[in-house]
Every structure is written in C-alpha cells, then in structure tokens.
Amino acid sequence: MQLQQILFSQGFGTRRICAGLIQQGLVEIAGNVRTDPLEEVDPEGLRFSVQGREWPFHAKAYLMLHKPAGYECSQKPSAWPSIYTLLPGPVRQRPGPPGVQAIGRLDQDTTGLLLLSDDGTFIHRMSSPRHHVPKVYEAVTKHPIDARQVERLLAGVVLDDDPKPVRASACEAAGEQLLRLTLTEGKYHQVKRMVAAVGNRVEGLHRSRIGGLELPADMAPGQWRWLDTAELALLRA
Ligand code: URA
C-alpha cells in the first residue's frame, strides 16, 4: 500500500495533506524518516509516527471508551460536549462511510463502556436487536429495591412506546439501592424507563459490560483504547 494511502486511511488528512506530511520529513517508520509518498509499505502490523506521534495501523477501527458523565453520544450535540471530542483527531477523521461511530448510545448522564467502530458489518451486528448482545448495567436507585421490583423487571414491563413487554434477562439487587440488570435490546432510556415502570427511579447509571467484554478497571472515565484481538473475539463470540 502506498505510504500516503496508509496515512490517509488512518485519518491523517486528505491524500494531498498526507503526501505533504511525508515530503516534509514528518513521517517515520522504525525511526527512519520516509520522504516518498508513493513508497509501497506493508501495512500489516505497521507502526509509524507522524510529527513524533506513534500510530499503529488498523485496517478497521474498533475501540472502547469509558464514557464519562456530561457528554453526549451525538456527532452534533445539543447541550453537552460530544464524546467524539475525547478521541484523537486521526480516529475522528478516518475516511468513511461510515467513519468511526458509537455503537448505540448512552445518555448524557450515563457512564461506562461504549464501543466505537468504522466497520459497518460489526456495527450492524453489535447493534441489531436480532443479535441480542447482552449489556450489563448498574443502576443506583432513589428508593430501596424490593424483591417484587426485581421480579417484575425479570417478568417484563410495558413501556409507553410499545405494547410488547420488555424484560431484563438478568436482574439482582447488588445493594440496597443498587440494581444490576442485563438487557438485550437498546430502547431509548430503557433502563430508566423500566425502573420507573416498577415504581423506582434511576439516579445514576453505568454500563459495565457488553457481551463478554467488561470495562477494564484500569480505564478512567474519558479514556479510550483500541480493542485487541482477544477483546474483539469476546464480542464476536
Ligand atoms: N438505558 C438508559 O436509560 N440510559 C442509557 O444510557 C442506557 C440504557
């Protein structure tokens, strides 16, 4: 693959800008400056640097973000900053379609595991209701949780936009006011609406797991990282 095409595919700007970066001596591979934009380079496993910043080649982008509270999952947020501002420029500028996008959305005040990708097939698979990818949430509730509420969430509750009941595939009180529940759909405000339907109220919401992938304990809110092959396999399993 031409070096300028590699940079372009990784989000470093138009082909012209990428050719310019290379010609200006700003691109290195294994510590050696490369000045020919048309040089053929094997992208597989490649690490290069642009203006001193090390970058790994990824044919497709698969990342996870620990979403902090106070961010919207939209590209064009209305009231809060966008989660996309937490990602580095090259990730945001990877050529599309689709470009890197969040797989499903979390509310502005929800924290936790969010996946992003520019692989259309993967995005579809992870977000399609037909695939029933389980997602685990921890909800801090306003009132103490009683056994009846847990039973009703497991049995199914009717929300205002659909006569078909929605149920948690797992649900337990993990503390007096802490509910852990697993959902396989992703309806708008689903956890908050389900908890409200059983007479309680969500005061804090966190997503800790998607499929077999748990939010790593060492990732602080606002941090992102590439998914490795083992993590991707957990999601595809
Ligand atoms: N359910 C909600 O109510 N909000 C979220 O952000 C995610 C699931």
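These numbers come from a predicted model, not from an experiment.

1. Regarding the pairing of strand β13 (residues 202-210)
Here strand β7 (residues 110-117) pairs with β13 via three bridges, running parallel. By the bridge assignment, G112 is partnered in β13 with R207. Pairing of strand β8 (residues 135-141) with β13, which is carried by seven bridges, proceeds in the antiparallel orientation. Along β13, the bridge assignment pairs Y137 with R207. Two strands pair when backbone bridges link them, and β13 and strand β14 (residues 213-214) are joined in this way by two bridges, in the antiparallel orientation. Bridge pairing in β14 places R209 opposite E214.

2. Things to note about the domain arrangement of the protein chain
One frequent convention defines the size of an interface as the accessible area lost when the parts assemble. One can read the domain layout of the protein chain as domain 1 (3-56), domain 2 (62-129 + 212-236) and domain 3 (134-210). With 16 residues of domain 2 at the contact, the number on the domain 3 side is ten residues. Together domain 2 and domain 3 conceal approximately 1100 Å² of surface at their shared face, both sides included; 41% is due to carbon and sulfur atoms. Considering only the side of domain 2, the residues that lose the most area to domain 3 are D107, L113 and E214, jointly responsible for 34% of the buried surface there. Taken together, domain 2 and domain 3 are joined by three salt bridges. Note that R209 and E214 form a salt bridge whose closest N and O atoms lie 2.7 Å from each other. Run the count over domain 2 and domain 3 and you get twelve residue pairs in polar contact (both at pLDDT 80 or more). Listed by contribution, the elements that provide at least two residues to the side of domain 2 that touches domain 3 are β7 and β14. No other element matches β7, which puts six residues into the side of domain 2 that touches domain 3. Residues that form the side of domain 2 that touches domain 3 fall into these classes: eight nonpolar, five polar and three charged.

3. So, the site of the ligand
Around the ligand sit L106, D107, T110, Y137, H189, Q190, V191, K192 and L205, and that is every residue in its neighbourhood. D107 is positioned with one of its side-chain polar atoms (N or O) 2.7 Å from a nitrogen atom of the ligand. The separation between an oxygen atom of the ligand and a polar side-chain atom of T110 is 2.9 Å. Out of a free accessible area of 230 Å², the ligand has 96% covered by protein chains. Considering each element in turn, the shell around the ligand owes the most residues, three residues, to helix α6 (residues 190-197).

4. A short note on the side chain of E138
Within the element layout of this structure, E138 appears in strand β8. A relative accessible area of 15% places E138 in the buried class. Reaching out from E138, the side chain makes a polar contact with the side chain of R180 at a distance of 2.9 Å. If near-sequence neighbours (up to four positions away) are discounted, E138 is found in contact with L178, L179, R180, G204, L205, H206 and S208.

What counts as what
Residues numbered from 1 in each chain as written. Predicted model: local features only at pLDDT ≥ 70, side-chain atom pairs only at ≥ 80, totals over all residues. Heavy atoms only, no water. Pairing = 2+ DSSP bridges. Helix = DSSP H or I, 4+ residues; strand = E, 2+ residues; numbered from the N terminus. Domains from an automatic or database assignment. Contact = heavy atoms within 4.5 Å. Buried area = accessible area lost by both parts, 1.4 Å probe. Salt bridge = Lys/Arg side-chain N within 4 Å of Asp/Glu carboxyl O. Polar contact = N/O pair within 3.5 Å; in protein donor to acceptor, adjacent residues only side chain to side chain. Nonpolar A, V, L, I, M, F, W, Y, C, P; charged D, E, K, R; others polar. Near = heavy atom within 4 Å. Areas by Shrake-Rupley, 256 points an atom, 1.4 Å probe, with all protein chains shown as cover. Buried < 20%, exposed > 50% of the residue type's maximum accessible area, 1.4 Å probe, protein only.

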